[in-house]
Each structure stands twice: as C-alpha cells, then as structure tokens.
Amino acid sequence: MQPVSGSECREGFAAGQSGSAARLSPEVAMSPQSPPQWGPAPERPPDRRGWFARHRLLTVLMAITAGLVVLGIAGSFAGKEPVAPPPPAPTKAKAVTDSGRLPGLGQPVRDGKFEFTVTRLQPGVGNVGGAYGQDAQGQFFLVHMTVKNIGDKAQTFDGSDQELIDRNGSKYSADTAAGIYLDGSESFLEQINPGNVVDGIVVFDIPKGADPARIELHDSAFSGGTTVDLTRRS
C-alpha cells in the first residue's frame with residue numbers, strides 16, 4: 001500500500017463535504033428561517049418642559065395681550081398733566097403777647113394728676129450751687145411753683161417735662177443738671193403721693209436778652225399740658 005499525501009487527504013475531505021450537501025433533501029434545503037422576535041415598545045419619557053414651553057402659541061398670545069394692556073395704561077397716564085401741590089406757606093415765629101385769657105402767677109392750673117401754682121420768678125441768675133455748682137451759659141431763669149397731686153396714685157414730678165416760651169415764640173427746655181445743684185429745687189424725679197404738695201423750682205438756662213412770657217406745665221412728658229402767663233399776676 002502506497003502512502004497518501006496530506007494534499008490528497010484535504011481534497012478527499014472537501015469532496016466528501018460537497019457530496020453530503022448534495023445529498024440533502026429539497027425540503028431541508030428550502031426551509032424558511034424563523035422570523036426575528038420583537039420585544040415590547042419602549043415607554044416614552046415624560047415631558048418635563050414647563051407649561052409655557054409646551055404651549056408656545058398661547059404664551060406668545062398672552063405676552064402680546066399683556067403688552068397692549070401696559071401700553072394702554074401708560075397712554076392714559078401720559079394724557080394727564082401732573083398737578084404740582086401748592087408750595088407750603090412760610091412759617092414764621094409767632095410773637096407771644098398778653099392775651100388776658102390765660103391764668104397768671106398765683107392762679108392754680110391743672111394737668112393730669114397735678115395742680116400747679118406758679119408763685120415767683122427769679123431771672124438773671126449766673127450760678128447755682130456755688131463754687132462746685134454750675135454757671136449759666138446765658139442766664140438762669142428760676143420758676144418757683146407748688147405742685148399738688150390731685151390724683152389717687154403717686155406721680156413723679158420732673159423739671160424736664162416743663163417748657164418756657166419767650167415773647168418771640170422761642171421755646172426752652174429745663175436745665176435738670178443745674179436743678180440738681182440748686183438746694184431745695186425738688187424738681188428732679190420728685191415722687192409725690194396723692195394729696196401731698198411740693199415746693200419746686202424749675203431752672204432754665206436762657207439768653208441774657210430773652211424775655212420769658214409763658215410756661216407750659218405737664219404732669220408727664222406725654223400729657224397735653226397747661227399754660228400760665230408769666231406776665232400776669234392774680
């Protein structure tokens with residue numbers, strides 16, 4: 001027996017394969033392929049755009065309508081000329097004169113829980129309290145008065161609640177610091193019980209040329225006050 005070469009073996013194998021394919025039946029050779037299997041359709045993602053983005057036509061119409069309304073309002077105002085308010089009347093200090101209607105020195109007046117009676121005026125004082133006291137910037141004007149509590153509860157009398165007015169209408173507040181240096185002033189946070197009476201002195205530091213005409217007396221910083229004419233005596 002002669003040996004078979006490798007090339008001859010390969011040729012014989014190929015020929016056998018060809019013969020096997022030729023021996024397949026026509027039904028097997030022509031059988032159709034199975035159709036592809038399709039899965040369910042993917043779900044559509046939700047629309048996350050805003051309302052205005054989803055309704056562009058309505059958004060444009062709304063914007064046009066709003067613009068027309070604004071233009072109409074602006075046109076209505078443009079047709080009207082602004083009316084400037086009248087200039088305020090110039091204010092001028094009112095001179096205080098003797099009216100003859102206000103109570104004067106020695107006459108009791110009331111405000112709140114206090115009854116006041118101005119008893120004496122002391123102008124032209126340059127110093128209170130001596131060497132360790134206080135000097136006036138202009139002159140100290142001392143107003144002596146009695147203060148009676150006519151209420152049913154204790155009330156505090158304080159000189160800082162009182163106000164002095166000169167003939168030119170200028171108003172002066174009390175100098176409470178100078179009142180502390182003055183012996184017997186009894187006008188710094190003096191508590192008065194019902195029915196009691198205190199002799200107080202309220203100190204004002206005013207210009208030397210000032211001419212006091214009235215004093216407003218108050219039982220507290222928030223009361224309405226009452227006025228005494230310092231140019232009249234009872």
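Notes on the structure follow. (Residues numbered from 1 in each chain as written. Predicted model: local features only at pLDDT ≥ 70, side-chain atom pairs only at ≥ 80, totals over all residues. Heavy atoms only, no water.)

Concerning the overall build of the chain
Each helix and strand counted, the chain has 5 helices and 10 strands in total. In the chain, which comprises 234 residues, the share counted as buried stands at 26%. Restricting the contact set of the chain to residue pairs at least 6 apart, pairs at least 24 apart contribute 69%. On the chain, roughly 16600 Å² of surface is accessible, and the fraction owed to carbon and sulfur atoms is 57%. (Helix = DSSP H or I, 4+ residues; strand = E, 2+ residues; numbered from the N terminus. Buried < 20%, exposed > 50% of the residue type's maximum accessible area, 1.4 Å probe, protein only. Contact = heavy atoms within 4.5 Å. Areas by Shrake-Rupley, 256 points an atom, 1.4 Å probe, with all protein chains shown as cover.)

A word on the side chain of Q155
Structurally, Q155 is set in strand β4 (residues 155-157). Polar contacts involving the side chain of Q155 include one to the main-chain carbonyl oxygen of D219, which spans 3.2 Å. Beyond its immediate chain neighbours, meaning those up to four positions away, Q155 contacts K113, F114, N149, E190, Q191, I192, D219 and S220. (Polar contact = N/O pair within 3.5 Å; in protein donor to acceptor, adjacent residues only side chain to side chain.)

Details of the sheet that holds strand β3 (residues 134-149)
As summarised here, the arrangement of the 4 strands in space is β1-β2-β3-β8, forming an open sheet in which the pairing is antiparallel. In this open sheet, the two edge strands, each paired with only one partner strand, are β1 (109-111) and β8 (197-206). In this sheet, neighbouring strand axes are inclined to one another by 40° on average, regardless of whether the strands run parallel or antiparallel. When strand β2 (residues 114-128) meets β3, the two strands line up antiparallel, connected through 11 bridges. Bridge pairing links V125 to F140 in β3. (Pairing = 2+ DSSP bridges. Axes fitted to C-alpha atoms, helices over the stretch in contact; angles between N-to-C directions.)

Comments concerning the pairing of β3
With antiparallel pairing between neighbouring strands as the criterion, β2 and β3 make up a hairpin whose turn holds 5 residues, including G129 at a positive phi of roughly 90°. Across 10 bridges, β3 lies against β8 in antiparallel orientation. Looking across to β8, one finds that F141 is bridged to F204.

Concerning the pattern of salt bridges
Applying the stated criterion to the full structure yields 2 salt bridges. Salt-bridge contacts for R110 lead to E115; the nearest nitrogen and oxygen are separated by 3.0 Å. On the accessibility criterion, R110 (55% relative accessible area) is exposed. Note on E115: relative accessible area 19%, which makes it buried. The partner of R167 in a salt bridge is D211, and the shortest N-O contact between them spans 2.9 Å. On the criterion of sequence distance, the pair formed by R167 in the loop between β5 (163-166) and β6 (171-173) and D211 in the loop between β8 and β9 (212-217) is long-range, its members being 44 residues apart. (Salt bridge = Lys/Arg side-chain N within 4 Å of Asp/Glu carboxyl O.)

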